[in-house]
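What follows is each chain in one-letter form.
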Amino acid sequence: MQILAQLIVSGISLGMIYAVIAFGYQLTFATSRTLNFGQGEALMLGALVGLTLVGHMNYWLMIPLVLIFGALQGVVVERIAVRPALKNKSEFGWIMGTIALATIFKNVAENIWGRDDLKFPSPLPESPLTFHGIHVLPMEIVVVIGALGMMLAVEIFNRKSIYGKAVVATSNDRDAAGLMGINTRLVITFSYALSSMTAAFAGVLIAPLTLTGATMGVVLGLKAFSVAIIGGLNSGMGVIVGGLLLGIAETTTGFYLSTGYKDVPGLVLLLLVLAIKPAGLFGKTVINKV
């Protein structure tokens, strides 16, 4: 039981990273019904930019700069890959556009930082804390608190600020929001900036716990997309539950079966959800009236 508890604790930390990235998918889908398939690369760039900055300043002072960088990167993605597709009413243009930019970002990262994985210095002691025989790294606690804090901050912003209410209005009905005088194009741009900012934040959170490199975001982005589908693309609680389910399933499967099978439970769960409840565990099925 102690081993199982240890695996669950490790899975929670991993699952919250998936949840933050999946939350970014939700932000763009809500306002524009599009997804940034370069979310993983936004995480990767955030981690690598953070690695460069942390050599010149304190880790905690570096985070706001990475958030700004992530937001700017999201604006670039929206302007280049998404806005033209929406303007031309291209059904699949934004898919290929975001994938193309993700590939470009990955190649740029390889040319700047190289192809080798790099060690990100931890701002906290790397010796684990022990609670009733369960070992927890201080950075794992920061990951969970930081991930929940980021998602909570976005939710409070959407509920309490006038700009957040514009985002919510656009999410509910983009055409109606436009008729009410809301600049929906600007709202979509903002949602992409916020989405990439959350991914970059996830990058600097997880970087001290793993190796940092140009390929680190590929798998994380795909798994986070699975979490978004499992939990539901319109449910904040869904991405948290989905992330925790996937994270815990991976750590337990990797220990009890084999690390070669750790990706299987998440894929099986994804297939089951798509077959039984396509809108996600916490998603709502939208009925279009004609």
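Right, let's walk through the structure included here. (Residues numbered from 1 in each chain as written. Predicted model: local features only at pLDDT ≥ 70, side-chain atom pairs only at ≥ 80, totals over all residues. Heavy atoms only, no water.)

**Quick look at the packing of aromatic side chains**
Within the structure shown, the criterion is met by seven aromatic pairs. Note on Y59 and W60: the rings are 4.9 Å apart at their centroids and 90° apart in plane angle, and the pair reads as edge-to-face. Residue Y59 is classed as buried on the basis of its relative accessible area of 4%. Assessed through its relative accessible area of 39%, W60 is described here as partly exposed. (Phe/Tyr/Trp six-rings, centres within 6.5 Å; stacked < 30°, edge-to-face > 60°. Buried < 20%, exposed > 50% of the residue type's maximum accessible area, 1.4 Å probe, protein only.)

**A look at the nonpolar core**
If you look at the biggest cluster of nonpolar residues, it comprises 67 residues, and the most contacted ones within it are I21, Y59 and M62. The greatest single-element share of this core, amounting to 12 residues, is contributed by helix α8 (residues 184–206). (Core = buried A, V, L, I, M, F, W, Y, C linked by side-chain atoms within 4.5 Å. Helix = DSSP H or I, 4+ residues; strand = E, 2+ residues; numbered from the N terminus.)

**Points about the layout of surface pockets**
The volume enclosed by the largest pocket comes to roughly 820 Å³. Taken together, the elements giving at least two residues each to the lining of the largest pocket come down to α1 (2–32), α5 (138–160) and α6 (162–172). Top element by residues in the lining of the largest pocket is α1. It accounts for six residues. Looking at the lining of the largest pocket, its residues break down into 11 nonpolar, nine polar and four charged. Along its surface, the second largest pocket is lined by 22 residues, and L14, Y18, I206, T210 and L220 are the ones closest to its centre. Ranked by residue count, the leading element in the lining of the second largest pocket is α1, at six residues. Per-class residue counts for the lining of the second largest pocket are 11 nonpolar, five polar and six charged. (1 Å grid on protein atoms, 1.4 Å probe; cavity = no way out; pocket = protein on both sides within 12 Å on 5 of 7 lines; lining within 4 Å. Points joined across faces, edges and corners; volume = space filled by probe spheres on them. Nonpolar A, V, L, I, M, F, W, Y, C, P; charged D, E, K, R; others polar.)

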